[in-house]
Structure formats: structure tokens, C-alpha cells
There are 2 protein chains.
Amino acid sequence: MTGQVRTVDGRVAGRRGQATRQKLLDCLSEMLSSSPYRDVKVIDVARKAGTSPATFYQYFPDVEGAVLELAEQMAAEGAGLSEVLEEGSWVGRAGWRTAQDLVEGFLDFWRRNDALLRVVDLGAAEGDKRFAKIRAKILSSVTGSLAATITELQSKGRIDKDVKPAAVAGALVAMLASVASHQKSFQGVKPAELKPNLALLVHLGVTGRKPTR
Amino acid sequence: MTGQVRTVDGRVAGRRGQATRQKLLDCLSEMLSSSPYRDVKVIDVARKAGTSPATFYQYFPDVEGAVLELAEQMAAEGAGLSEVLEEGSWVGRAGWRTAQDLVEGFLDFWRRNDALLRVVDLGAAEGDKRFAKIRAKILSSVTGSLAATITELQSKGRIDKDVKPAAVAGALVAMLASVASHQKSFQGVKPAELKPNLALLVHLGVTGRKPTR
DNA sequence: ACTTGTCCTGTCATGCCGTCAGCTTACCGA
DNA sequence: TCGGTAAGCTGACGGCATGACAGGACAAGT
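Residues numbered from 1 in each chain as written. Chains lettered and ligands numbered in written order. Predicted model: local features only at pLDDT ≥ 70, side-chain atom pairs only at ≥ 80, totals over all residues. Heavy atoms only, no water.

Side note on empty space enclosed by the protein
Over the atoms, a rolling probe the size of a water molecule traces out where space has been left empty.
Phase 1 of the analysis: This model, assessed by the stated rule, comprises six cavities of 30 Å³ or more.
Phase 2 of the analysis: Within this model, the largest cavity holds a volume of roughly 280 Å³.
Phase 3 of the analysis: Residue lining of the largest cavity: 22 residues in total, with A:Asp121, A:His182, B:Asp121, B:Ser181 and B:His182 positioned closest to the centre.
Phase 4 of the analysis: Secondary structure elements with two or more residues in the lining of the largest cavity: helix H7 (114-125) and helix H9 (165-181) of chain A together with helix H7 (114-125) and helix H9 (165-181) of chain B. (1 Å grid on protein atoms, 1.4 Å probe; cavity = no way out; pocket = protein on both sides within 12 Å on 5 of 7 lines; lining within 4 Å. Points joined across faces, edges and corners; volume = space filled by probe spheres on them. Helix = DSSP H or I, 4+ residues; strand = E, 2+ residues; numbered from the N terminus.)

Here we look at the protein's contact with DNA strand C
Phase 1 of the analysis: Taken together, 21 residues sit near DNA strand C, with A:Tyr57, B:Gly14, B:Thr20, B:Thr51 and B:Tyr59 positioned nearest.
Phase 2 of the analysis: When atoms of DNA strand C within 4 Å of the protein are sorted by moiety, sugar and phosphate together comprise 67%.
Phase 3 of the analysis: One of the side-chain nitrogen or oxygen atoms of B:Thr51 is found 2.5 Å away from a phosphate oxygen of DNA strand C.
Phase 4 of the analysis: Between a base nitrogen of DNA strand C and a side-chain N or O atom of B:Gln58, the distance comes to 3.0 Å. (Near = heavy atom within 4 Å. Polar contact = N/O pair within 3.5 Å; in protein donor to acceptor, adjacent residues only side chain to side chain.)

Some thoughts on the interface of chain B and chain A
Often the size quoted for an interface is simply the accessible area lost on bringing the parts together.
Phase 1 of the analysis: On the chain A side, the residues contacting the 44 residues of chain B number 44 residues.
Phase 2 of the analysis: Where chain B abuts chain A, roughly 3900 Å² becomes buried across the two surfaces, and 60% of that area is made up of carbon and sulfur atoms.
Phase 3 of the analysis: For the pair chain B and chain A, the interface holds four salt bridges.
Phase 4 of the analysis: For the salt bridge of B:Lys164 with A:Glu193, the shortest nitrogen-to-oxygen distance reads 3.4 Å.
Phase 5 of the analysis: Remark: the boundary between chain B and chain A carries 16 residue pairs in polar contact (both at pLDDT 80 or more). (Contact = heavy atoms within 4.5 Å. Buried area = accessible area lost by both parts, 1.4 Å probe. Salt bridge = Lys/Arg side-chain N within 4 Å of Asp/Glu carboxyl O.)

Focus on the pattern of salt bridges
Phase 1 of the analysis: According to the stated counting rule, one finds 30 salt bridges over all chains in the structure shown.
Phase 2 of the analysis: In this structure, A:Glu104 engages A:Lys195 in a salt bridge whose closest nitrogen and oxygen atoms are separated by 3.2 Å. You can see A:Glu104 sitting in helix H6 (residues 92-112) and its partner A:Lys195 sitting in helix H10 (residues 191-207), a full 91 residues away along the chain.
Phase 3 of the analysis: In this structure, B:Arg112 and B:Asp108 form a salt bridge, with 2.5 Å as the shortest nitrogen-oxygen distance. Remark: B:Asp108 and B:Arg112 occur in helix H6 (residues 92-112); sequence separation between them is four residues, near one turn of the helix.
Phase 4 of the analysis: Judged by relative accessible area, which is 46%, B:Arg112 ranks as partly exposed. (Buried < 20%, exposed > 50% of the residue type's maximum accessible area, 1.4 Å probe, protein only.)

Fair warning: the whole summary comes from geometry, so function is off the table for now.
Encoded structure:
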């Protein structure tokens, strides 16, 4: 499906080429973690990778293009975020456990990829459809699953008819994503205290009821 | 409190100076709305304002510095976000109304300042304390008020003891902010449908109960 | 008109951007 | 072993943004 990796000028990349390409991506990823996105320059990435700017431009049209590549890789990994939800139940104690697992997985994924996710979020918010698509890919599996759960509960009459499952699910996921990327701003609230409260909100939102612990 | 407006090289700005300074800020604001933050250049802002780059550097150290100035102005206005909560009650129908008003005010404020808020959010997430402070200033009045309400309900025994008011309030506000800045991503959910669902989640989170409409 | 202090711009050195031609390296078939 | 071909890399270049400076334009008071 992925086809062959190609350089900007159309050549197919061989073993060595793919290696430097990946090295550039790795260095870019490091730079994103250590400096503001606005200040990440091609020349810095190239220097860090022990190569020249011209080489960078052989593999990527610009910094944004390379970031997109990184983001795609991350999105592939992030699709696993909803594994918890495939099997998890939202009934009784299992529901509380499911909510907790979801929060845990989310915060963990964000902690591992915070720099990249910031950039994706910015790009999406600025209206760049490529970034919006990637963000959707990461979040959609979770929102979709949550929405399905809500719809099911709704059909059983346990949730009001005028609740829009997609809206509630999307809002809850947005909450998790936002809190995850601003964890440091929650001064006075330790991460250990934060998680159960997030899980509580998720459980409340999905089931409309307080969890039984 | 604001003292005199000063140029970078320490001189006090007169009437004319303040005018061009403000014009630069206005043009910067426009540029932020129309192009990605990463691509906003000093020279473009200066050209748009009918002046030269050198003039820009007389009033601001760099683009970031000017953005901070804009953000401060916005933060001052945004403090009014919590007016709704000062008088609002969370009991019965009034509670539902309060939640709705809060959501309405939030989305409206974000719609009016989306470009700037994106940048502030990014800066804060990247660890820049100046931006984090501004973000806190905008959100804290709301979180503080919500947290106070939760604490009060808690003291009456209507909410579990192990709920951390600050955590719940912060998460709800983060949700509102995040949803507001990604409104376009909610495809398939119209804004008119989104709002009541957000209000529902806010009400659930604050009071622990479904609203009576 | 002269002075004073504010305000703006022309200009310059520096450094990054993005592209090209051209050199080096690896692979492969004869 | 040896050339041929394509991949891989870089030096160098014009172009543009940055940031600093000195000096000219302007308004206001005398």
C-alpha cells in the first residue's frame, strides 16, 4: 500500500537514502521537543543529522512536509488508543475501569508524543486539512467507539433522546486531548489526582450516571 | 498601572507613536487570522501597516513579543467570561440556563479571537510561561468560579468527597476551549446541536446530575 | 526661525531559504 | 574486473527576513 519512498525529484529511495531520511525525521522530532515550532529551521535539523540542508530538501518539500510524515507515523500507532474500548464494558464496576483505562491510555499517548501533537493540533485549528485529517484519524476511533456506546444506551432508554452521541463523544475526547497537552498548567492538581476526576467526567458523559467503584 | 508605553530603545512613545504601534498590532492580528503562525513575518506586517520593518522593531522585540501584547489586551477583555457565573445559580432550571450561558459565552469569545487563542495555546503548551500566564488569566476566572460551586455542593454532601473541584473545573474549561478551537472538525454535528450537548456535560460535571429543562 | 525630542526609514551585515549543477558512491550486468 | 547507470550528497548562489544603526522628517514649544 505504501508504495515506494520517493525523493522530491521523483527518484526512488534506496537503503541508504531511507536511512538518512529517517535520521532527518528523528532529528526533527527531537528539535520539535526542544524548541518552539516557529523556531525549528531546516538548517538546524540538517546540522543535527550531520548532513546538509540540500539533502533535507531532497526528501521533504519543507519543514511542514516532514512534520506531516512524522504525524502519519504517529497516527498509525495512535489508532491503538481505542483498543481499550473494543472489549471494555460500560456497565457497573467494569464501566469505571474502562473509563480509567481510557484516560490512562490517552494521557500516556499524549505524554509520549506531546510535541508532535501540539503541531498537529495547531495545523488542524488553522484549517490545514492534512493536519485535520491526521488529528481525526487519531481521535476518530475513540470518538466513534464512545458514540456507539452512547447510541446503544440511548436505544435502551437510559439516556435522553435529544443527546447527540457524536457531539458528546467528540467533546469528551477533546477534553482529554486538551488536558493532556496542558498537564503542566494544572498547578495545585497532581496527575494522580487528575486522572480519576477525568475518568469520572468521561463516565458521566457516556453513561449519564456516576460510576460504581 | 500600565505605565507609559515605551519603545525597545527606552524612549517614551508619544501620540503618533502609539498610533502606529497600534496599527502594527491590528495588522498583525489580521495576518494571524489569514496565515499560519509559522509564516507570519515581520516584513509582511510592516508592509500591511504601510511602514517599514525597522519601525516594527522599534516597538516590539519580535513577532512573539507583539503577539504577547495582543494577547494581554485580549486577556483583559476575556476576564468578563465569568460574569455569567457571578450571578448564575446552579439549582434547577436556572442551572441549565447558567450552563447554556457559559457555553454560549465561551464559544463566542473563542470565535472572536480564535487565531490569537491558538497561538497562546501553543505557546503555553510549549512551556512558555508568559503565554501560560495569559492563558491562565483567561481561564482562571471561570475555573475558579466553577470550582467554588463544586466545593459548595460538596459541602452539602451532594457530590462525592473524593472529587477534586479544581481538577473537574479545569477539565471542563479545557473541554470548552478545545471544542471551541476545533469547531470545524465536528463534521456532521452542527453548532446549534453542539451547544446543548456541551452544556449538558458542563452541568453534569458541576452538579453531578442531569439538568432539569 | 530655532531647538528639542519623537518618529520613521535607508542601508547594511548576517543568516536562513530553496534550487541547481555537479561530484561521489553504490549497485548490477557483462 | 570493469564500465554504466542511478542514487546520494554537497557547494554555491540569488533571494529574502532579521535586527541594528545613523540620520532625516516632523510636530511643538519658544
